[in-house]
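Residue-level listing of the chains:
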Amino acid sequence: SERLDILNNGFIPYCEAYCKNNDLIIAKHHIFMARKLELAMTTPNYRLMIKMPPGHAKSTYSSILAPTYFLGRFPKKNVIMTTHTQEFSDRWGRKCRSLIQEPSYKYIFNTELSKESAAVSRFDLDNGSSYFGSGILGNFTGLRSDLVIGDDWFRGIEDADSETIRQKIWNAYIWDLRTRLKPNGSIILVGTT
C-alpha cells in the first residue's frame, strides 16, 4: 500500500504520492533533489544547499514536502522554517498545515494537527512534532530545532546587492537561527541562481 511504501522506502514515495494527488510530474531533478533532502533529514549534522533557477519546484520539495514528511515520519522533532519575510513564511506554513490536514497524511503517519496549536506560523502535531515559521530577521528566542530550513532569504536583486541587508541576514543566520539547532540537527538552505 501507499502507506507502507512511504514508511518503508522514505521520502521519494511521499513526493511521488504528492505529485500524483496534485497532477504534477516528478522529473529527474526532483528525484535527485528528494534524495539529497532525505539525506539532510536522516543524517546527523547534515548541511545542504539547493541552488536552482526559478520554476524548478525547489520550494515545493524543500519547504512543503520536506518539513511535512519530517514532522510526520519522526515524532517529537522540531522544524524552523525561514524565508525573507513573515508574510512569505506564512504562505509556506499555510501549505504545510493544509497538507497535514489531508486524511491521507493521518493515514500514512498516524498523526494529525494538534487542536491546541494550529496557527499558520506555529503548529504542533499529536505525535509531539512542531513547526515554527518566520522571516529570517524574526525572533527565535526560546526555540530549538532538529531541522532548520531557509528558503529565499532575499526578496530580490535589490536585497541581494545591498551589503547592509546581506550582513543583517548573515548575522541573523550565525547568531540567531543557527544557535537554535539541537545537537545533530541539520540545515537546508534554498536559493535562486
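Residues numbered from 1 in each chain as written. Predicted model: local features only at pLDDT ≥ 70, side-chain atom pairs only at ≥ 80, totals over all residues. Heavy atoms only, no water.

Now, about helix α3 (residues 28-42): what can you tell me, with residues and values included?
Counted at 1.5 Å a residue, the expected span for α3 with its 15 residues is 21 Å, and the 21 Å between its end C-alpha atoms agrees. Regarding α3, the residues found buried are H30, I31, M33, A34, L37, E38, A40 and M41. Check the buried side of α3 and you find it contacts α2 (11-21), β1 (47-52), α4 (58-73), β6 (145-151) and β7 (181-192). (Helix = DSSP H or I, 4+ residues; strand = E, 2+ residues; numbered from the N terminus. Expected span 1.5 Å × (residues − 1). Buried < 20%, exposed > 50% of the residue type's maximum accessible area, 1.4 Å probe, protein only. Contact = heavy atoms within 4.5 Å.)

Can you tell me about the packing of α2 against α4, naming the residues and giving the values?
Close contact between α2 and α4 brings their axes to 11 Å; oriented N to C, the two are set at 115°. The angle between the axes of α2 and α4 places the two elements in the roughly perpendicular class. The chirality of how α2 crosses α4 is right-handed. Between α2, through F11, Y14, C15, Y18 and C19, and α4, the contact on the second element is made entirely by T60, Y61, L65, A66, T68 and Y69. Of the residues in the contact of α2 with α4, the class split is nine nonpolar, two polar and no charged. (Axes fitted to C-alpha atoms, helices over the stretch in contact; angles between N-to-C directions. Parallel < 35°, antiparallel > 145°, perpendicular 65-115°, else oblique. Left-handed = near helix turned anticlockwise from the far one by under 90°. Nonpolar A, V, L, I, M, F, W, Y, C, P; charged D, E, K, R; others polar.)

Give me the lowdown on the sheet that holds strand β3 (residues 113-118), citing residues and values where you can.
Sheet architecture is open: seven strands sit in the order β1-β7-β6-β2-β5-β4-β3, paired in mixed fashion. Of all strands in the sheet, those with a lone pairing partner are β1 and β3, marking the two edges. Going from strand to strand, the sheet's axes swing by 20° on average, the running direction of each strand aside. One ladder, built from four bridges, connects strand β2 (residues 78-83) with β6; its direction is parallel. Residue pairing for β6: M81 is matched across the bridge by I149. (Pairing = 2+ DSSP bridges.)

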